[in-house]
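Chains, contacts and geometry: an overview
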Amino acid sequence: MKFWRKYHPDIDAADPRFKQVSLIYSVLLIMTAYFAIIGTLNVTLFHAPEIAFFDYLGLILALLILRYVSQGGNFRIASWAVIISIATILLAFVHLAEGRNYSLMWVTILPPFAFFLLGRRDGSWVSAIILGYCSWYLYQLINQQVTANLGLGALFNFIEVATAQVFLFRFYENSRQEAYDQLQKTAITDPLTKVFNRLHLDNTLNAVIAQANRFNQPVSVLLLDVDHFKAVNDKYGHFVGDKVLIKLCDVLRETIRETDSVGRWGGEEFLIICPNTNQQQAIQLGQRIIENVRAEAIENDIHITVSIGSATYMNDGEDTIDQLLLSADQNLYRAKHAGRNQVLGTP
Ligand SMILES: Nc1nc2c(ncn2[C@@H]2O[C@H](COP(=O)(O)OP(=O)(O)OP(=O)(O)O)[C@@H](O)[C@H]2O)c(=O)[nH]1
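Residues numbered from 1 in each chain as written. Predicted model: local features only at pLDDT ≥ 70, side-chain atom pairs only at ≥ 80, totals over all residues.

Some thoughts on the environment of Arg5
Which entries qualify depends on this criterion: By definition, any uninterrupted DSSP run of H or I lasting at least four residues is a helix, any uninterrupted run of E lasting at least two residues is a strand, and each is numbered from the N terminus. In this scheme every C-beta is placed from the backbone, and a residue whose C-beta has 20 or more other C-beta atoms within 10 Å is buried, one with 12 or fewer is exposed, and one in between is partly exposed.
Relative to the helices and strands, Arg5 resides in the segment before helix H1 (18-44). Given 16 C-beta atoms within a 10 Å radius, Arg5 is considered partly exposed. For the pair formed by Arg5 and Val21, sequence separation is 16 residues and the distance between their alpha carbons is 9.5 Å.

Dropping the structure here:
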C-alpha cells in the first residue's frame, strides 16, 4: 500500500499516471530526508552554514511541492517544480563552491530525474541546457584559475560524462517507452488476427457510448460471423482456417472508417463499433463488408461469406450496452436463419 494513495484514491495501479505519481512522491521524500540530514551535518559537523542555507531551501521547496501535490495539484506542474528545484539548488551549490569540492559531480544526478519525471523530449533538453551551462561555467573558472585542479582535463572529463549521461538516458528512455508501447499494444490485441481483443472492445464500447450520451449521437454495432466456418476447417485444416480469419480481418480493417473499431468477439465472431452512425449507415457498411469479403479470394481460392447482425444505440433513455449487444446477436441469428451472407438490423 503506497501512503500517497489516500490523497489520490482515483489513481489505481492500472492508471498510466500511477508510476509517475509514485515517482514524484518518492523523489520528494528523498529530497526532504536528504536536505534535512545534509543541512544539519553542514551546520554541526562541517561548519558550512552558507551551504546549509541551500540545503534548507531545498527542504522547504520539497515540503511545499509535497503539500501542492497532496492537495490535488497538477502532476506535470509538480514534476517541473521538482526538476527546477533540484536544478536551482545544484547550480547554486556549484557557484558557491566555485567548482571545488566535487560540486560539479553532483550536477550529473539531474539527467535521471529529468528523464524519469519529464520524459524523453523535455528530459533531453533540460539536461543538455544545465550540463551545457555547467561546462561553460567550468571553462570560465579555468580561465580565472580558481584552483590548480580545475584545468582543461577537468573540463573535457566533465563534458564527456555529461554527454554520455544525456545519450545513455535518452537511449534508456527510448527503449523503456518502446517496451511500454509494445506491452500496451499486446494487452489490447488479439494475437492471431491482430485486431482488438474482447477486453478492448468492451472498453471502447463503454467510451463510445459515454461520448454518444454526451453529444446525443447514435452508435451502431455490427456483429459478424463467418458462414459455415467449421466446413472450412474440416476441409482445409485448422492452419488454413487461421489464415482465413487473418485475411478476413485485413478486409474488415480496409472496409471500415478510421473512427470505427473492429475486434474479435470470440472464435470466428467479430464486432465492429461505429460511433456517430445510424441504423441505415450501419446496414450500408454491413453490405459493403459482405461485398468485399465475397469478392476477395481469402486464401488459395477459398471464398467465404459472412452474416452480420446490426443494432443501433439511440440514447433515448431506454437502451443499455447489454441490450445493444443482445439485439445485434439476435439480428445475427436471424441473418443466419434467413439464408446467411446478409446483414440484418432491428426491424
Ligand atoms: N481455424 C480456426 N477455427 C476457429 C477459430 N475459432 C473458432 N474456430 C472454429 O470456427 C468453427 C465455428 O463453427 P460453428 O459455430 O459450428 O459455425 P459455422 O460452421 O461457422 O456455421 P454457421 O456459423 O452456422 O454459419 C468451429 O469449427 C471452431 O473450431 C480459430 O481461431 N481458428
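Points about the nonpolar core
Put simply, the test is: Residues enter a nonpolar core if they are buried, belong to Ala, Val, Leu, Ile, Met, Phe, Trp, Tyr or Cys, and are joined to the set through C-beta atoms within 7 Å. A pair of residues counts as a contact when their C-beta atoms, built from backbone coordinates, are within 7 Å of each other.
Grouped together as the largest cluster of nonpolar side chains are 41 residues, with contacts concentrated most on Val221, Leu223, Ile272 and Ile308. Element by element, the count of residues in this core is highest for strand E1 (residues 219-226), at 6 residues. When near neighbours in sequence (up to four residues on either side) are disregarded, Ile308 contacts Leu222, Leu223, Leu224, Gly286, Ile289, Ile290, Leu332, Ala335 and Val343. With 40 residues, the next largest nonpolar core counts Val27, Met31, Leu110 and Ala162 among its residues.

Some words on the pairing of strand E3 (residues 269-275)
To keep it simple, the criterion reads: Here the rule is simple: two strands pair whenever DSSP picks up at least two bridges between them.
Within E3, 6 of the 7 residues are buried, leaving the element largely enclosed by the surrounding structure. Here 7 bridges tie E1 to E3, and the two strands are oriented antiparallel to one another. The partner of Leu224 across the bridge, within E3, is Phe270. As judged from the 5 bridges shared by strand E2 (residues 261-266) and E3, these two strands associate in the antiparallel manner. Across the sheet, the residue bridging to Ser261 is Ile273, located in E3. Where E2 folds back onto E3 in an antiparallel hairpin, the turn is made up of 2 residues, including Gly267, whose phi is positive at roughly 45 degrees.

Overview of the packing of helix H2 (residues 49-70) against helix H3 (residues 75-97)
Relative orientation and spacing of two packed helices are given, respectively, by the angle between their axes and the distance between those axes. To keep things clear, this is the line we draw: Helix axes are fitted only over the stretch in contact, all axes being lines through C-alpha atoms; the angle between N-to-C directions runs from 0 to 180 degrees. Working definition: roughly parallel below 35 degrees, roughly antiparallel above 145 degrees, roughly perpendicular at 65 to 115 degrees, and oblique for all remaining angles. Gly is put with the polar residues, along with every residue not named as nonpolar or charged; the nonpolar set is Ala, Val, Leu, Ile, Met, Phe, Trp, Tyr, Cys and Pro, and the charged set is Asp, Glu, Lys and Arg.
Two numbers describe how H2 lies on H3: the axes approach to 10 Å, and their chain directions differ by 180 degrees. With respect to H3, the axis of H2 lies roughly antiparallel. Contact residues: Glu50, Ile51, Phe54, Leu57, Gly58, Leu61, Ala62, Ile65, Tyr68 and Val69 in H2; Phe75, Ala78, Ala81, Val82, Ser85, Ile89, Ala92, Phe93 and Leu96 in H3. A per-class count over the contact of H2 with H3 returns 16 nonpolar, 2 polar and 1 charged.

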